[in-house]
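Listed below are the residues making up each chain.
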2 protein chains.
Amino acid sequence: MSTGSPLLGDLIEALRCLPGVGAKSAQRMAFHVLERDRAGARRLAERLALAVERVGNCRRCRGFSEQDTCVFCASPSRDKHLLCVVETPVDQLAIEQATGYCGHYFVLLGRLSPMDGLGPKELGLDLLAARLAEGEVEEMIVATNPTVEGEATAHMLSQLARAAGVKATRLAHGVPLGGELEFIDRGTLAHAFGGRHTL
Amino acid sequence: MSTGSPLLGDLIEALRCLPGVGAKSAQRMAFHVLERDRAGARRLAERLALAVERVGNCRRCRGFSEQDTCVFCASPSRDKHLLCVVETPVDQLAIEQATGYCGHYFVLLGRLSPMDGLGPKELGLDLLAARLAEGEVEEMIVATNPTVEGEATAHMLSQLARAAGVKATRLAHGVPLGGELEFIDRGTLAHAFGGRHTL
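Everything numeric in this text was worked out from a predicted model, so none of it was measured.

Caption draft 1: Region of interest: the packing of helix H3 (residues 38–54) of chain A against helix H1 (residues 6–15) of chain B. Contact pair H3(A) / H1(B): the axes reach a minimum separation of 9 Å and the direction vectors enclose 150°. Classed by the angle they form, the pair H3(A) and H1(B) counts as roughly antiparallel. The two elements H3(A) and H1(B) meet at a crossing, and its hand is left-handed. Contacts between H3(A) and H1(B) involve A:Arg43, A:Leu44, A:Arg47, A:Leu48, A:Leu50, A:Ala51 and A:Arg54 on the former and, on the latter, B:Leu7, B:Asp10, B:Leu11, B:Glu13, B:Ala14 and B:Leu15. For the contact of H3(A) with H1(B), the residue count by class is eight nonpolar, no polar and five charged.

The following block contains the structure:
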């Protein structure tokens, strides 16, 4: 170890569990918090320990929650007729932050990927089918990623919805806002062209 | 808060105490550790708490240490005749990692900056003078940064060394390895030109 303090060396090594943090960033973070923000570091240590200990998955939507039922599922003000299906909790957060969506969620915690051992069972589709069978959901918004696996997952979800007599919708594909046609990949451009609508 | 779990929201907010971590990175980190690396997060929480609690400054060199005397100062195998003076603990680490230096260090924990209330006393120059007066140090290597404040600090350090009858040296300035002359700033190039040596 090349610091004068073994504990500091241990901290630098542990910081590398964070995504995008390499050797240099870990050093910078460790020195920064010790030199300038010990209160912040103490708070981070407490919250990290607490979150790791307590945050599990919501019984109803499989999103992150420290309660049996998450804040979204427990909220009486959210629309019970809408159910948005996402791959991961971070996608759920992205939709929540970007859109005015105020319905419920269902988190697959993955995408259909038989090679990785992720099938209908792992994605909780039995739970989702039971949820649709309750009869409250009128529209299921399929918000899986536009990747090969995400599309396969979306296809399977649409079949599930059809079986339950629920309308299934998919996020629109097209030119991203602020994007320039010149730099957009062909697939997206073809999609946007095919899906053009009247002005 | 727009996650389904308040504890997760707290964690995201706390992660922002790390340098270079904004709202998006903090989200990504929080979701990553909860989804994929709870063991790593638990270890990080422990080590962070421990480092914040225990790591102080070495009595002798002012570098980081959880002991009264840091690993470097306590090492019997390091050369007592060499003393390298740096501004911060992170500079100490940089020298330790990049060079084969095996002498002792003295950390100023800042640079001369009267505007910020950093004078000789704050930089521990009395401690440094006492160290030089012990008579063991033969060469004091001044490794402050090549900034205006760093140069002023270096100047003061050289006076201190002269008063103690100790030889003071300064890191060489010049063209960085791999740098191209075309893109090097004028000051550095002028320094390198003036300091040319025989091949």
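Back to the write-up after that little detour.
Caption draft 2: Inspection of helix H7 (residues 148–164) of chain A at higher detail. Residue and element names in this part refer to chain A. Over its 17 residues, H7 extends 25 Å from the first C-alpha to the last, a length consistent with the 24 Å expected when each residue adds 1.5 Å. Buried within H7 we find Gly150, Thr153, Ala154, Met156, Leu157 and Ala161. Of the surrounding elements, those touching the buried residues of H7 are strand E3 (79–86), helix H6 (125–133), strand E5 (139–142) and strand E6 (167–170). Glycine 165 occupies a position one or two residues after H7 and carries a positive phi of about 70°.

Caption draft 3: Focus on the interface of chain A and chain B. Counting from both sides, the interface comprises 53 residues of chain A and, opposite them, 53 residues of chain B. Interface area, chain A with chain B, both sides summed: about 5,400 Å², of which 70% is carbon and sulfur. Between chain A and chain B we count two salt bridges in total. Between A:Glu13 and B:Arg47 there is a salt bridge whose closest N-O contact spans 2.9 Å. For the pair chain A and chain B, the number of links is 14 residue pairs in polar contact (both at pLDDT 80 or more).

Cut-offs used in this document
- Each chain has its residues counted from 1, following the order in which its sequence is written.
- Note on labels: chains are lettered from A, ligands numbered from 1, in written order.
- Reporting of local features is limited, given that this is a predicted model, to residues whose pLDDT is at least 70; pairs of side-chain atoms are given and counted only at 80 or more, and all residues count toward the totals for whole chains, interfaces and linings.
- To obtain the side-chain values, all non-hydrogen atoms of the structure were included, while hydrogens and water were left out.
- Convention adopted: a line fitted to C-alpha atoms gives each axis, helices being fitted over their contacting stretch, and angles between N-to-C directions are expressed from 0 to 180 degrees.
- Elements are defined by DSSP. Helices are runs of H or I of four residues or more, strands are runs of E of two residues or more, and each kind is numbered from the N terminus.
- Working definition: roughly parallel below 35 degrees, roughly antiparallel above 145 degrees, roughly perpendicular at 65 to 115 degrees, and oblique for all remaining angles.
- In this scheme the handedness of a crossing depends on how the near helix is turned from the far one: anticlockwise by less than a right angle means left-handed, clockwise means right-handed.
- Note on contacts: a residue pair is in contact if any heavy atoms of the two residues lie within 4.5 Å.
- Residue classes follow a fixed rule: Ala, Val, Leu, Ile, Met, Phe, Trp, Tyr, Cys and Pro count as nonpolar, while Asp, Glu, Lys and Arg count as charged, and any other residue, Gly among them, counts as polar.
- An expected span of 1.5 Å times one less than the residue number is assigned to each helix.
- Burial classes follow relative accessibility: with a 1.4 Å probe on protein chains only, a residue under 20% of its type's maximum area counts as buried, one over 50% as exposed, and anything between as partly exposed.
- Reported buried area values correspond to the accessible surface (1.4 Å probe) lost by two parts on association, with both partners' losses combined.
- Any Lys or Arg side-chain nitrogen located within 4 Å of an Asp or Glu carboxyl oxygen qualifies as a salt bridge.
- Nitrogen and oxygen atoms within 3.5 Å of one another constitute a polar contact, given that in protein one can donate a hydrogen and the other can accept it, and given that sequence-neighbouring residues count only through two side-chain atoms.

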